[in-house]
Amino acid sequence: MGRRTEPHRDAPTQAERPPFVDRHGTLASLVAAVSEPSVVLVSGEAGAGKSRLVAELRAVCPSLVGRCYRLRDPFPLGPIVHVLRALPEGALRDLPASAGALRLLVPELAACLPPLPAGAQDPRVLPHLMFRGIEAALRAAGPVVLVIEDAHWIDEQTLELLDFLVSDPVPGLSVVVTFRDSEVDPAVPALAARAGESVPVSRITLSRWDVADTGQLAAAILGIERVSPEFAEHLWQRASGLPLAIRELVRLLVERGTVAMHDGEMMRRGLDELEVPAGLRDPVLERVSRLAQDARALVEAGAVLQRPADRATLAAVARLRGARLTRGLLAAEESGLLVEHEGVYEVSHVLAAEAVYGVLSTVRREILHRRAAAALRSVTPCPLSQIAHHEREARDATWPDTAEAAAKQAFGAGDDESTIAALEPLLLEPSVPAAQRARALVMAARASIESTRGVGLLGVFESEVAREDGCLSADNRVRVAVNLSQAVHFQLCDATLRTDLHALVTAEGVSDWARLATEAIVLTRWLPGRSTAEVEDATADLEARCRAADLDDDRRRQLRMMVDEVRLFTGRTDPHRLDTRRAYVPPTDRNMFIGHMSLIEIAATSGDLAFATRLLDLCDAVDDPVIAPSVRSRRTATFRQQIDFLRGHWADLVRENGDVRPSLSTTASLRLTEDACSAALTLAVKGPTAETVEELDRVLAIAGQGSLHDALVLALTPRIRAALATGETADLPGVDRFLAAVPDHAIIPCLYQALPEVTALLLARGDVDRARRTVAAFADEAERIHAPLAPASVSHARGLLDLADDPRSTRAGELLGAAAGHYGEIPMTYEAARAWELTARVLPDTDPRAEQLLVRALRTFRELGATWDLDRARQAARSRGWTVPGPARVGRPAYGGELSPREREVAELAAQGLTNDEIAQRLYVSVHTVRKQVAAALHKLGLDSRRQLARHLAGTG
C-alpha cells in the first residue's frame, strides 16, 4: 500500500500572528524578573526574537515600549518620546512643576502638562528638569515596565536617562533593555553595574535555535503535533537557526505548497528545488512579489528610508495619497512586511529592509532617494545626516553641504562617531571641493580623538597630510597630524604614524600658534625616554617663546595650560600655585575640558588627591552645552573611579557580592585606567586569582608600550603584591619600564606609587644593591619635585630596606609608621592600613602600639571590604594573641544563616535547572561568583545538591 500524503491546508495566513514558543522558559523568567522592580538586559543577534519576546511581555504585563532606531542624526530621548505619547492622559496630570519641561520634548501633550518651569530655557538646567519630569511621569504610571528596544542604536541622552533611573530606582518601575551584543556600546550592558544595590539585575541571552527547537517552532506555526526530522533539519539549515527566519520560511513554504502531511507529520516535498539562502532575503522577496503595486511601493519606500516614518513621509516617498494610500498601507501591514506603531511605519525587520533594497534597480533607487531627501526636509528636528545620505544616493550635487552641516550638528552634541560617519563620504569622494574636503579632514581628525571609527581612516588622513600641494594649508596639515597622533594614543591603536611631525611644524608657512601648540602636545604625550631635566629645559624654552609670540588671549591660555600640564607631570610645580594665576576656571570648550582632565590624572597619580578632587568637582559641575554631556560623563567617571579607589572610597566600586563594577568608558586609554583600578580592587577583595593576575598582566603589557603612566603604576603595584604572595617574582611585566626611569633620570611623581612594591620585589629577588640604588635615586629626586606621595613612598621603601637588614629594626618601625602617617594625610586609606599592618609586625609584642596599629589596620580592611588583606592581618593578630574584629563586609550587612537577596536569586535559578554559565549570563556576573553563591546557599540551607535545593525551595515558596 502506497504512502498517503495530502496537502496541508490549515496553515495560518500571512496576516495571522504566529504562535510564540517559550523556549527554555525565557518569557516566564522575564515575567518573574519584572514582577518586582528590577533591571533586565536582553541580548541577541538580529532575528533572535528580542522584539517578539517584548511583544509577549506586553501581553501579560503593563509595559511602556520605546524603540531606538539606526539614525544618522542624534535624536535625543527619541525612545522616551514614544513612551510619553503612550501614557494615559491621566498619568500626565498633577505632575510636579519640573515635568513642565516635557513640553519641549512632546509639545503635542502640552495641554496635559504643567507650565514651562523657570530655567527651562537654560541648557544647563533643562536636562535635569526633563529627567525629573520623566521620572515623575513613570512614577505616576506605575507599577509599569519600561522597555527600551534595540539599545545598540541608543542615543547618549536616553542612555544617561537609563543610568539615572536604574541608579536611583523609581518605586514600581522595572527596566528592560534589549540590544545586539555585537553592536552595542559597552555602556549599555554596564547599566547592570549602575543599578541600585536593592535592585535585582538579570541578563537574558537569546541564542540561535537548534534543530529540535526549529522543529518545535515550525510545528507550532503550522498548528500540528510535529514535523519530520528531515524537514526540521532542512529548515534549520536554511534559516540559520534564527527564529524570525524560521517563521518567514515556514510561511513561504506553505504558500508555495512545498510541504505536505504524512501520518500526522509535516514532510518536505520539493524542498531541494527552493533556492532559499541562510536568512530572510528570498522569503521576504517572495512576499513582496505577491503584493499589489501600491503596497509594494510603500514597502520599497520604507526600505529606502531605513528609519521609522510617519504616514505623510512614507506617502511622499511612495507617491501615494487618498484611498490608494490607505489600501496600500492595509495590504502592506497585512503582509507583515510593514508594521505600524503609534503612528509611524517601518519595514518589519532590518534584514527584510535590506533584502527589499537589494533588488531595486539603480534608477528606482535614485528616484526613491530623491523623494526621501525632499520629504525629510519637512521633518522636525531636521535629520541632516539622513538627508545627506539620500542626496548622495540620488546623485544630488548638494549632498556635501548637507553632510558637513550634519557633522557640525553631531559634533556639537558630543557624538563623535556620528560626526565621522557624516564626514566619511566627504573624505572618500574625490569630487568634493578642496576647501570643503579640508574642513572635513580637520573636523574628522578632531573627532577621532574620542572615536575608534576615525582611526580606520588613518590612511586617508596621512595621505592628505603628506601632500604639500593638497587641500590642507600648512597649519591644517599640522592640526590633522597632531590630532591623529592623539587619537592613536587615546585609542591604544597598533597603527604606526608615518607622518614626521618635526618636518611638518618646521615647514614654511606654519604659524607660530601651530608650531608652539604642537611642541606643547608632543611634550605632554611623548615623555618616555627623555630625562626630566631635558623636558624642563624644553618647557622653559617653549614658555619663553609663547610669551614672545603674537597670540590672542584664548590661544595663550591654551598654551599655558599645556605647559602647566608638563610641569605638573614632571613635578616641577605645585598645582595649588596655579590657582593664583586664575588658570583654573570652569572649562568652556572641549580643549579646555580635556586639559583639565589631564591635570586631574597627573595630580591623582602623584598623590595630590585634594587638588585632583577639587578640579574634578569643578569639571563635573559644568553644564555648558558646548561640552557635550557624553564627553563630560565619560571622562569624569574614569577619574572619579581612580580617585575613589586611591582614597579608599570603595562602597560605590564594589557590588554586594564582592564583584567589582565593570569599566564604562568607550575610549580605550580611559578604559585601561578603569581596568587597572578594577583589577587592583579585585585583588584586595578576592586575592590573587588567576583571572585577576591575567588582567593585570594585560594592562601592564599595553601600558608599558606608551606613555600611559597612570595605568602602569595603578596595575604594577597590585601585580607585584600578587607575585610576592605566590612567590612567582620572575619576569613581571612593567618592572623593567619602571626601573629604567633611574638611569634615564626620568623619575616623575606618579612612579612613587609603585616604589615600595618594586623595592620589595628586588629584595625578594636578592638584588639588594639595585633596591638601594633605586630608593636612593627616588629619595634624591623627591627633594626637588612636588609629589605629595613621595614622602610616604620613600619612607615606606626605606623601611623595607632596613627590614631586609634587620627584621626587628627599630628604625624600620619608625620609617613605616611615618609612611602610614603620610598616606593618611593624602589620604590613601588602603595604603595607610597596609603600612599600619607592616609597622605592627615590626614592633615588639611588648610595645602597646603594635596591637593598636594592627587592630586599626584590621578595622580599616574590614570597612573597605579588603578581604584578602583582612585574612592575612587576622592571622597575624591571632598568632600574637590579639583581639580580632569580625569578618569583612562588602557594602551590605551580613545575613547570617539566611540567604542574601542575591544568593536566593542564584539559588532559584539553579533550582530551575539553569547551569552556572546560564546563570552568570542572566545576572551579568562571573561564573566563579555563581559557583560561590550556589555553594553558600547549599551550605546555609544544609543541603548537598541542586536537586535537594529545588525541592527545598518548592516546599518553602
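Procedures and definitions
Residues numbered from 1 in each chain as written. Predicted model: local features only at pLDDT ≥ 70, side-chain atom pairs only at ≥ 80, totals over all residues. Heavy atoms only, no water. Helix = DSSP H or I, 4+ residues; strand = E, 2+ residues; numbered from the N terminus. Buried < 20%, exposed > 50% of the residue type's maximum accessible area, 1.4 Å probe, protein only. Contact = heavy atoms within 4.5 Å. Areas by Shrake-Rupley, 256 points an atom, 1.4 Å probe, with all protein chains shown as cover. Axes fitted to C-alpha atoms, helices over the stretch in contact; angles between N-to-C directions. Parallel < 35°, antiparallel > 145°, perpendicular 65-115°, else oblique. Left-handed = near helix turned anticlockwise from the far one by under 90°. Nonpolar A, V, L, I, M, F, W, Y, C, P; charged D, E, K, R; others polar. Pairing = 2+ DSSP bridges. Expected span 1.5 Å × (residues − 1). Salt bridge = Lys/Arg side-chain N within 4 Å of Asp/Glu carboxyl O. Core = buried A, V, L, I, M, F, W, Y, C linked by side-chain atoms within 4.5 Å. Right-handed = clockwise from strand over helix to strand, strands pointing away. Arc of directions from axis to C-beta.

Identification of the chain as HTH luxR-type domain-containing protein from Actinophytocola xinjiangensis is taken from an unreviewed UniProt entry.

(A) Structural view of the overall build of the chain. A tally of helices and strands in the chain yields 45 helices and twelve strands. In the chain, buried positions account for 56% of the 957 residues. Put simply, of all contacts in the chain between residues at least 6 apart along the chain, 69% involve residues at least 24 apart. For the chain, the exposed surface amounts to about 39800 Å²; the carbon and sulfur share of it is 50%.

(B) Molecular detail of the packing of helix α21 (residues 458-465) against helix α22 (residues 474-490). As a packed pair, α21 and α22 sit with axes 9 Å apart at the nearest point and diverge in direction by 150 degrees. Taken together, the axes of α21 and α22 are roughly antiparallel relative to one another. Handedness of the crossing formed by α21 with α22: left-handed. Packed against α21, whose contacting residues are Leu 458, Phe 461, Glu 462 and Val 465, the element α22 presents Arg 477, Val 480, Ala 481 and Leu 484 at the interface. For the contact of α21 with α22, a count of residues per class yields six nonpolar, no polar and two charged.

(C) Seen up close, the sheet that holds strand β12 (residues 344-347). The antiparallel open sheet is built from three strands, whose spatial order is β10-β12-β11. Bordering the open sheet on either side are β10 (309-310) and β11 (338-341), each of which pairs with just one other strand. Sitting on the sheet, helix α13 (residues 322-334) touches β11 and β12, and the angle it makes with β11 is about 105 degrees.

(D) Focus on helix α11 (residues 293-305). Across its 13 residues, α11 extends 18 Å between first and last C-alpha, which sits within 8% of the 18 Å expected from 1.5 Å per residue. Along α11, eleven of the 13 residues are buried, which leaves the element largely enclosed by surrounding structure. Every buried residue of α11 is accounted for by Asp 294, Ala 295, Ala 297, Leu 298, Val 299, Glu 300, Ala 301, Gly 302, Ala 303, Val 304 and Leu 305.

(E) View of the pattern of salt bridges. For the coordinates displayed, the defined rule picks out 34 salt bridges. Across the salt bridge formed by Arg 439 and Glu 404, the nearest N and O atoms sit 2.5 Å from each other. Taken together, the positions of Arg 439 in helix α19 (residues 434-447) and Glu 404 in helix α17 (residues 399-412) put the pair 35 residues apart, joining distant regions of the chain. By relative accessible area, Glu 404 is classed as buried at 8%. In this structure, the salt-bridge partner of Arg 640 is Asp 617, at a minimum N-O distance of 3.0 Å. Of this pair, Arg 640 sits in helix α30 (residues 629-647) while Asp 617 sits in helix α29 (residues 609-621), and the two are 23 residues apart along the sequence. Salt bridges linked by common partners bring Arg 834, Glu 837, Arg 841, Asp 869 and Arg 872 together as one network.

(F) Just the sheet that holds strand β3 (residues 63-67), in detail. Spatially, β3-β4-β5-β2-β6 is the arrangement adopted by the five strands of the open sheet, whose pairing is parallel. Both outer strands of the open sheet, β3 and β6 (201-206), are each paired with one neighbouring strand and no more. Direction aside, neighbouring strands of the sheet carry axes that sit 15 degrees apart on average. Two strands pair when backbone bridges link them, and strand β2 (residues 39-44) and strand β5 (residues 173-179) are joined in this way by five bridges, in the parallel orientation. Each residue of the ladder has a partner; that of Val 42, found in β5, is Thr 178.

(G) Region of interest: the nonpolar core. Grouped together as the largest cluster of nonpolar side chains are 99 residues, with contacts concentrated most on Ile 600, Phe 645, Trp 650, Phe 738 and Tyr 752. Ranked by the residues each element gives to this core, the list is headed by helix α28 (residues 590-605), at nine residues. In this structure, Phe 645 is in contact with Trp 650, Leu 653, Cys 677, Ala 680, Leu 681 and Leu 714, ignoring residues within four places of it in sequence. Membership of the second largest hydrophobic core comes to 53 residues, among which are Ile 80, Leu 84, Cys 112 and Ala 120.

(H) Spotlight on the side chain of Thr 692. With respect to the helices and strands, Thr 692 occurs in helix α32 (residues 690-703). We classify Thr 692 as buried; its relative accessible area is 5%. Setting aside its immediate chain neighbours within four residues, Thr 692 contacts Ala 679, Thr 682, Leu 683 and Gly 687.

(I) Fine view of the pairing of β5. Buried residues dominate β5, accounting for seven of its seven residues. Across the two faces of β5 the burial is the same, with Leu 173, Val 175, Val 177 and Phe 179 and Ser 174, Val 176 and Thr 178 all buried. In terms of strand pairing, strand β4 (residues 144-149) meets β5 through five bridges, oriented parallel. Among the inter-strand pairings, Val 147 is bridged to a residue of β5, identified as Val 176. Taken together, β4, helix α5 (residues 156-167) and β5 form a β-α-β motif whose crossover is right-handed.

(J) How the structure looks around the environment of Ala 447. Summarising the element assignment, Ala 447 is placed in helix α19. For Ala 447, a relative accessible area of 0% puts it in the buried group. When neighbours within four sequence positions are excluded, Ala 447 is seen to be in contact with Phe 411, Asp 416, Thr 419 and Ile 420.

(K) Quick peek at α32. Taking 1.5 Å per residue as the helical rise, α32 with its 14 residues ought to reach 20 Å, and the 20 Å between its terminal C-alpha atoms agrees with that figure. Thr 692, Val 693, Leu 696, Val 699, Leu 700 and Ala 703 are the residues of α32 that are buried. End-on, the buried residues of α32 take up no more than an arc of 125 degrees, which puts them together on one face. Within α32, the exposed residues directed more than 90 degrees away from the buried face are Ala 690, Glu 691 and Glu 694. At its buried positions, α32 is contacted by α31 (668-686), α33 (709-726) and α34 (735-739).

(L) Geometry of the packing of α19 against α21. As a packed pair, α19 and α21 sit with axes 11 Å apart at the nearest point and diverge in direction by 125 degrees. With respect to α21, the axis of α19 lies oblique. The handedness of the crossing between α19 and α21 is left-handed. Contacts from Arg 437, Leu 441, Ala 444 and Ala 445 of α19 reach α21 at Val 460, Phe 461 and Glu 464.

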